[in-house]
Amino acid sequence: MSESDPPGIAARFGSGRAVPRIEDEGLLQGKGRFTDDLQPEGLLHAVFVRSPHPHARIVSVDTAAAAAMPGVALVASGADLQQDGVKTLPVNAGFKRAGGAPGASPLRPVLAFDRVRFAGEAVAVVVAGTLQQARDAAEAVGVEYEDLPSVVEVRQAVEGGRVALCEEAPDNVAAETRYGDAAATEAAFARAAHRVRLDLANQRVAALALEPRTVLAWQADDGRLTLRMSTQMPSGVRNSICDAIGLPREQVRVTVGDVGGGFGMKTGAYPEDIALAWCARRLAKPVKWAAERSEEFLSSHHGRDLRTEAELALAADGRILALRLRSLANVGAYATGTGLAIQLLIGPWVQTSVYDIPVVDFHFRAVMTNTAPTGAYRGAGRPEAIYIMERLMDEAARQTGIDRIALRRRNFIRPEQMPYTNPMGQTYDVGRFEHVMDQALAQADWAGFEARRAHSHARGKLRGLGIATFLEWTGGNALEERVTVTVLPDGVIEVFSAVNAMGQGIATTLAQLVVDVFGVAIEQVRVVLGDTDRGDGFGSAGSRSLFTGGSALREGAQKTLDEARRLAAQALEASAQDLDYRAGRFSVRGTDLSIDLAALAGRQPQQRIHLESTTAVAGPSWPNACHISEVELDPATGQLQVVAYSSVNDVGRVVNPTIVRGQLDGGAVQGLGQALLEQMVYDDGSGQPITGSLMDYAAPRADLLAGEFVTRMDESTPCTNNPMGVKGVGELGTIGATPCAVNAVADALASGGYAELAARLQMPLTPGRLWELMTPPA
């Protein structure tokens with residue numbers, strides 16, 4: 001315990017304690033301040049006119065009738081914004097096409113003005129005094145389209161000749177990457193005793209944040225453009241708005257209040273954000289847009305959508321010799337930098353996972369289609385990669401006859417190999433993967449499974465046991481963060497960080513770190529987030545909020561306490577070395593002289609003790625886990641239930657166990673949702689989304705898990721890349737749940753005499769799909 005950690009304060013409110021979330025009281029009392037709760041005087045409402053066509057040329061946009069309707073303040077088309085100098089959004093990000101040619105993508109306008117490329121793309125915006133007036137006027141905007149051929153399926157898109165989304169890519173390949181040694185991999189496959197091949201699909205999914213995207217823009221009294229919005233990255237959004245409408249950054253402020261979930265979907269600027277900013281400047285009045293759920297299905301960034309031919313070469317004893325992948329990533333109508341990086345770079349970084357694989361041959365192609373663009377969704381590339389790897393591992397065990405636990409043991413990277421550099425050049429600092437798996441096997445009673453399987457079989461059910469051993473990369477490669485720490489004369493310690501709250505409890509965790517350093521009650525800590533006027537930073541994505549932002553705050557708080565010690569020494573006319581510090585008070589050792597932080601702050605010229613600090617971590621963190629699930633399958637109906645779920649998660653040091661467990665469990669449920677229920681479907685013929693509402697899109701429900709859910713955190717292997725030893729945790733559950741659930745179903749099928757079907761499983765494993773798979777054709 002440090003000198004600033006007196007018993008009774010840090011012991012109750014500091015790190016390692018399940019402190020109740022400080023965010024929750026206001027939310028439970030209905031006092032949350034979400035963007036849509038703000039109703040400034042003179043507020044106008046925006047509605048977007050969206051294309052009903054997946055691909056069409058815009059012949060004309062007639063806004064006259066809409067502009068004449070009651071309450072309408074503005075109707076603008078894409079041509080209007082273009083004529084006013086509004087720039088297109090960035091696409092591609094330095095990735096190349098085959099042969100080194102520049103990456104390709106259509107330019108993405110804020111509002112489409114010459115051509116629409118997916119159903120739901122915005123072509124005009126209407127602003128009116130009430131939401132209903134804006135909706136009515138949007139119906140009156142006349143848009144004439146000339147239909148063009150469309151393609152929504154990624155394999156059809158690369159065939160060429162049917163449709164090209166931009167001239168530079170007749171095959172619709174926006175960019176591609178190759179990694180590894182093709183010749184060495186081929187040689188390894190040639191000498192392999194076993195070769196395992198799977199064709200796998202990671203289907204497209206929607207993020208389904210509880211709060212849809214919402215933006216409020218207005219011209220502040222100081223003349224600056226100000227936005228309040230639901231975003232994970234206020235600084236990034238501000239920068240994009242400035243670039244698009246030609247404003248210096250100091251002329252735009254972005255603030256964030258309560259956010260009802262993000263899951264990666266609320267990273268970066270959307271066209272609607274820029275359109276709202278333009279409207280507010282044009283009208284000099286506040287303008288708000290809150291997406292309807294149908295708009296979120298149509299136009300927010302989707303996740304996943306990857307098709308892969310995966311091959312694994314093994315020696316006779318089960319040692320992995322090589323891994324070969326050929327993947328097509330459907331990145332939608334516009335190849336955004338994020339959408340490309342996720343599938344062409346970030347996913348591949350973790351592809352070999354916890355296994356010591358000597359050689360790889362990867363070929364990834366990002367393909368454009370007439371669908372909504374893809375972007376970050378919880379895990380962002382890592383779930384796809386781990387799903388591929390874990391499906392291969394279990395299928396290899398089935399085909400070789402080697403026990404799947406023994407197969408994993410044989411191929412784990414060993415602790416003595418750390419730090420370990422994988423074939424993608426990524427260095428793992430620490431990891432004890434077999435240790436984590438052994439705990440998980442005991443926790444899940446792996447050895448007693450056959451008795452449970454027999455019990456299910458007696459009831460006419462197939463029971464399966466699935467496992468996933470894996471790691472992930474966290475930090476977003478944004479490894480530096482700036483914080484401010486201010487001690488105020490009322491005793492409050494106010495801290496600002498550019499990481500962002502979105503329901504994950506980060507304010508509580510940051511407050512606990514302040515308690516660790518200052519030893520004050522958590523009620524004396526005020527956490528300020530989400531204001532570009534207070535400071536810039538990357539924001540919250542890639543499970544970096546505590547790993548990077550928390551590390552920066554801990555260091556900044558300690559520096560502030562050191563500065564306070566220096567000031568206290570001056571005030572007490574003593575040497576800093578002679579001062580003791582306890583619970584917010586400095587005292588001169590061996591005397592009755594003392595001063596508390598509040599009084600010390602009040603004595604300063606600025607009536608505060610203030611420090612700005614920028615801290616960088618040494619590299620990403622590599623949390624890892626073993627997840628195990630059990631399922632029961634009714635072969636007569638295809639009905640599936642998850643009857644047990646157990647996980648052991650190496651997350652490094654834990655600051656708040658309740659929050660970490662909530663992140664792990666919530667993530668796992670989302671992963672189960674992809675495995676068993678969710679899919680964003682477009683009709684091949686018409687190009688229309690056919691799962692565009694919650695009546696059609698199956699989201700996870702409380703009855704998804706029928707049995708026990710057991711989650712354990714292993715803190716025995718702290719990260720060495722940051723001073724606190726923490727590892728990112730927000731996406732770990734999602735990454736593990738999907739493959740372990742599908743592997744459980746594959747095991748159930750194999751145990752019931754359907755072993756040949758295991759390799760053919762494709763998500764989502766709906767009852768209809770499973771029944772059809774098990775039912776022989778008539």
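Scope of this entry: the structure provided in the associated data block.

**What about the overall build of the chain?**
Part 1 of the reasoning: In terms of helices and strands, the chain carries 22 helices and 28 strands.
Part 2 of the reasoning: For a compact globule of 778 residues, the expected C-alpha radius of gyration is about 28 Å, and the chain comes in at 28 Å, within 12% of that figure.
Part 3 of the reasoning: Projected onto its principal axes, the C-alpha positions of the chain cover 90 × 70 × 50 Å.
Part 4 of the reasoning: Counting only contacts in the chain whose residues sit at least 6 apart along the sequence, the fraction spanning at least 24 positions is 80%.

**What to know about the pattern of salt bridges**
Part 1 of the reasoning: Inspection of every chain in the model, using the stated rule, returns 52 salt bridges.
Part 2 of the reasoning: Notably, a salt bridge pairs Arg-197 with Asp-199, separated by 3.0 Å at the nearest N-O pair.
Part 3 of the reasoning: Assessed through its relative accessible area of 41%, Arg-197 is described here as partly exposed.
Part 4 of the reasoning: Taking the relative accessible area as the measure of exposure, Asp-199 reaches 39% and is therefore partly exposed.
Part 5 of the reasoning: Residue Arg-404 pairs with Asp-394 through a salt bridge whose shortest N-O separation is 3.0 Å. Of this pair, Arg-404 sits in helix α13 (residues 404–411) while Asp-394 sits in helix α12 (residues 382–400), and the two are 10 residues apart along the sequence.
Part 6 of the reasoning: According to the relative accessible area criterion, Arg-404 is buried, its value standing at 12%.

**Some points on unusual backbone geometry**
Part 1 of the reasoning: Following Met-418, the chain continues to Pro-419 via a peptide bond in cis, the omega torsion being -5 degrees.
Part 2 of the reasoning: Of note, Pro-419 is situated in the loop between α13 and β16 (420–421).
Part 3 of the reasoning: Residue Pro-764 is reached from Met-763 by a cis peptide bond, and omega for that bond is -5 degrees.
Part 4 of the reasoning: Counting through the fold element by element, Pro-764 comes out in the loop between α21 (755–758) and α22 (767–774).
Part 5 of the reasoning: Located in the positive-phi region is Phe-263, a residue other than glycine, with phi close to 60 degrees.
Part 6 of the reasoning: In this fold, Phe-263 is placed in the loop between β11 (252–255) and α9 (271–283).
Part 7 of the reasoning: Classification of Phe-263 as partly exposed rests on a relative accessible area of 26%.

**Section: the packing of aromatic side chains**
Part 1 of the reasoning: As enumerated under the stated definition, the model contains 11 aromatic pairs in all.
Part 2 of the reasoning: Pairing Tyr-645 with Phe-709 gives two aromatic rings, centres 5.0 Å apart and planes at 20 degrees, and the pair type is stacked. Placement of the pair is Tyr-645 in strand β27 (residues 640–650) and Phe-709 in strand β28 (residues 705–714), with a sequence separation of 64 residues.
Part 3 of the reasoning: Here the aromatic residues Tyr-179, Phe-362 and Phe-364 are joined through ring pairs into a cluster of three or more.
Part 4 of the reasoning: The side chain of Arg-213 reaches across the aromatic face of Tyr-270, ending 4.2 Å from its centre.
Part 5 of the reasoning: Lying over the aromatic face of Phe-189, Arg-324 brings its terminal NZ or CZ to 4.1 Å of the ring centre.

**Observations concerning the nonpolar core**
Part 1 of the reasoning: Within the largest apolar cluster, 137 residues are counted, with the highest numbers of intra-cluster contacts made by Leu-312, Leu-323 and Ile-628.
Part 2 of the reasoning: Broken down by element, this core gets its largest block of residues, 11 residues, from helix α20 (residues 732–751).
Part 3 of the reasoning: Those residues in contact with Leu-312 that lie beyond four places of it in its chain are Phe-189, His-194, Arg-195, Val-196, Ile-320, Ala-322, Leu-323, Met-389, Leu-392, Met-393 and Ala-396.
Part 4 of the reasoning: Membership of the second largest hydrophobic core comes to 47 residues, among which are Val-19, Val-483, Leu-553 and Val-655.

**Some words on helix α5 (residues 131–140)**
Part 1 of the reasoning: Buried within α5 we find Ala-134, Ala-137 and Ala-138. Projected down its long axis, α5 shows its buried positions confined to an angular sector of 105 degrees, all on one face.
Part 2 of the reasoning: Buried residues belonging to α5 abut β1 (44–50), α3 (64–67), β3 (72–77) and β5 (122–128).

**Structural notes on the sheet that holds strand β24 (residues 594–596)**
Part 1 of the reasoning: As summarised here, the arrangement of the 3 strands in space is β22-β23-β24, forming an open sheet in which the pairing is antiparallel. Each edge of the open sheet is held by one strand with a lone partner, namely β22 (579–582) and β24. Taking the axes of each pair of neighbouring strands and ignoring which way they run, one obtains an average angle of 20 degrees across the sheet.
Part 2 of the reasoning: Of the strand pairs in this sheet, β22 and strand β23 (residues 585–588) are connected by 4 bridges, and their pairing is antiparallel. Residue Arg-582 lies in a different strand from β23, and its bridge partner there is Arg-585.

**Description of α13**
Part 1 of the reasoning: Listing the buried residues of α13 in full gives Arg-404, Ile-405, Leu-407, Arg-408 and Asn-411. Looking down the long axis of α13, one finds its buried residues gathered within 160 degrees of arc, a one-sided arrangement.
Part 2 of the reasoning: Packed against the buried residues of α13 are β13 (303–314), β14 (320–332), α12, α14 (433–443), β18 (462–471) and α20.
Part 3 of the reasoning: The backbone nitrogen of Ile-405 lies 3.0 Å from a side-chain oxygen of the residue at the head of α13, namely Asp-403.

**Quick look at the sheet that holds strand β15 (residues 360–368)**
Part 1 of the reasoning: In space, the 5 strands of this open sheet follow the order β7-β15-β14-β13-β8, with mixed pairing throughout. Unpaired on one side and paired on the other, β7 (173–180) and β8 (194–205) mark the two borders of the sheet. The average undirected angle you get between the axes of adjacent strands in this sheet is 10 degrees.
Part 2 of the reasoning: Here β7 runs beside β15; their pairing, made up of 7 bridges, is antiparallel. Its bridge partner being in β15, Tyr-179 is matched across the sheet by Phe-362.
Part 3 of the reasoning: The strands touched by α12 are β8, β13 and β14; relative to β8, the strand with the most contacts, the crossing angle is about 145 degrees.

**Notes on the packing of α12 against α20**
When two helices pack together, you describe them by how their axes are tilted relative to each other and by the distance separating the axes.
Part 1 of the reasoning: Running from N to C, α12 and α20 point in directions that differ by 25 degrees, and their axes come no closer than 8 Å. The angle between the axes of α12 and α20 places the two elements in the roughly parallel class. Crossing angle aside, the handedness with which α12 passes α20 is right-handed. Packed against α12, whose contacting residues are Arg-382, Pro-383, Ile-386, Tyr-387, Glu-390, Arg-391, Asp-394 and Arg-398, the element α20 presents Ile-735, Thr-738, Pro-739, Val-742, Asn-743, Ala-746, Asp-747 and Ala-750 at the interface.
Part 2 of the reasoning: Per-class residue counts for the contact of α12 with α20 are 8 nonpolar, 2 polar and 6 charged.

**Some words on the pairing of strand β2 (residues 56–62)**
Part 1 of the reasoning: Strand direction decides the pairing type here: β2 and strand β4 (residues 115–116), joined by 2 bridges, are antiparallel. What sits directly across from Ala-56, in β4, is Val-116.
Part 2 of the reasoning: With 6 bridges connecting them, β2 and strand β6 (residues 142–147) associate as antiparallel partners. Residue pairing in the sheet places Arg-57 in a bridge with Glu-146 of β6.

**A word on the packing of α12 against α13**
Part 1 of the reasoning: Relative orientation of the contacting elements α12 and α13 amounts to 120 degrees, with a least axis distance of 9 Å. By the angle between their directions, the pair α12 and α13 is classed as oblique. Relative to α13, the crossing made by α12 is right-handed. Counted together, Glu-390, Met-393, Asp-394, Ala-396 and Ala-397 of α12 and Arg-404, Leu-407 and Arg-408 of α13 form the full contact between these two elements.
Part 2 of the reasoning: Split into classes, the residues belonging to the contact of α12 with α13 amount to 4 nonpolar, no polar and 4 charged.

**Points about the environment of Thr-226**
Part 1 of the reasoning: Following the sequence through the fold, Thr-226 ends up in strand β10 (residues 225–229).
Part 2 of the reasoning: Residue classification places Thr-226 among the buried positions, given a relative accessible area of 5%.
Part 3 of the reasoning: Here the alpha-carbon distance between Thr-226 and Ala-73, two residues 153 residues apart in the chain, equals 20 Å.
Part 4 of the reasoning: Apart from residues lying up to four places away in sequence, Thr-226 is in contact with Leu-216, Ala-217, Trp-218, Ala-220 and Arg-253.

Scoring rules and cut-offs
- Every chain is numbered independently, its residues counted from 1 as its sequence is written.
- Side-chain atom pairs in this predicted model are given and counted only at pLDDT of 80 or more, local residue features only at pLDDT of at least 70, and totals for whole chains, interfaces and linings cover all residues.
- For side-chain calculations, the full set of non-hydrogen atoms in the structure is used, while hydrogens and water are omitted.
- Secondary structure counts use DSSP, requiring at least four H or I residues in a row for a helix and at least two E residues in a row for a strand, with both numbered from the N terminus.
- Only the C-alpha atoms count toward the radius of gyration. The rule for a globule is 2.2 Å times the residue count to the power 0.38.
- In this analysis, two residues are considered to be in contact whenever any of their non-hydrogen atoms come within 4.5 Å of each other.
- Counted as salt bridges are all cases of a side-chain nitrogen of Lys or Arg within 4 Å of a carboxyl oxygen of Asp or Glu.
- The rule is simple: take the accessible area with a 1.4 Å probe, protein chains only, and divide by the maximum for that residue type; under 20% is buried, over 50% is exposed, in between is partly exposed.
- Pairs were defined over the aromatic rings of Phe, Tyr and Trp, the Trp ring being its six-membered one, requiring ring centres within 6.5 Å. Orientation was assigned from the angle between planes: stacked under 30 degrees, edge-to-face over 60, tilted for the rest.
- A ring has a charge above it when a Lys NZ or an Arg CZ is no more than 6 Å from the ring centre and no more than 35 degrees off the ring normal.
- Side-chain atoms within 4.5 Å are what join buried Ala, Val, Leu, Ile, Met, Phe, Trp, Tyr and Cys residues into a set we call a nonpolar core.
- In this description, one arc is meant: the one made by directions from the helix axis to the C-beta atoms.
- Note on pairing: DSSP must find at least two bridges between two strands before they are called paired.
- Angles run from 0 to 180 degrees between N-to-C directions of axes, and those axes are lines fitted to C-alpha atoms, restricted for helices to the stretch in contact.
- Polar contact is defined as a pair of N or O atoms within 3.5 Å, subject to the rule that within protein one atom must be able to donate a hydrogen and the other to accept it, and that residues adjacent in sequence are counted only when both atoms are side-chain atoms.
- When describing relative orientation, an angle under 35 degrees is termed roughly parallel and one over 145 degrees roughly antiparallel, while 65 to 115 degrees is termed roughly perpendicular and anything else oblique.
- Throughout, a crossing is termed right-handed when the near helix is turned clockwise from the far one, and left-handed when it is turned anticlockwise from it by less than a right angle.
- Charged means Asp, Glu, Lys or Arg here, nonpolar means Ala, Val, Leu, Ile, Met, Phe, Trp, Tyr, Cys or Pro, and polar covers whatever is left, Gly included.

Shape descriptors only; they carry no functional weight alone.
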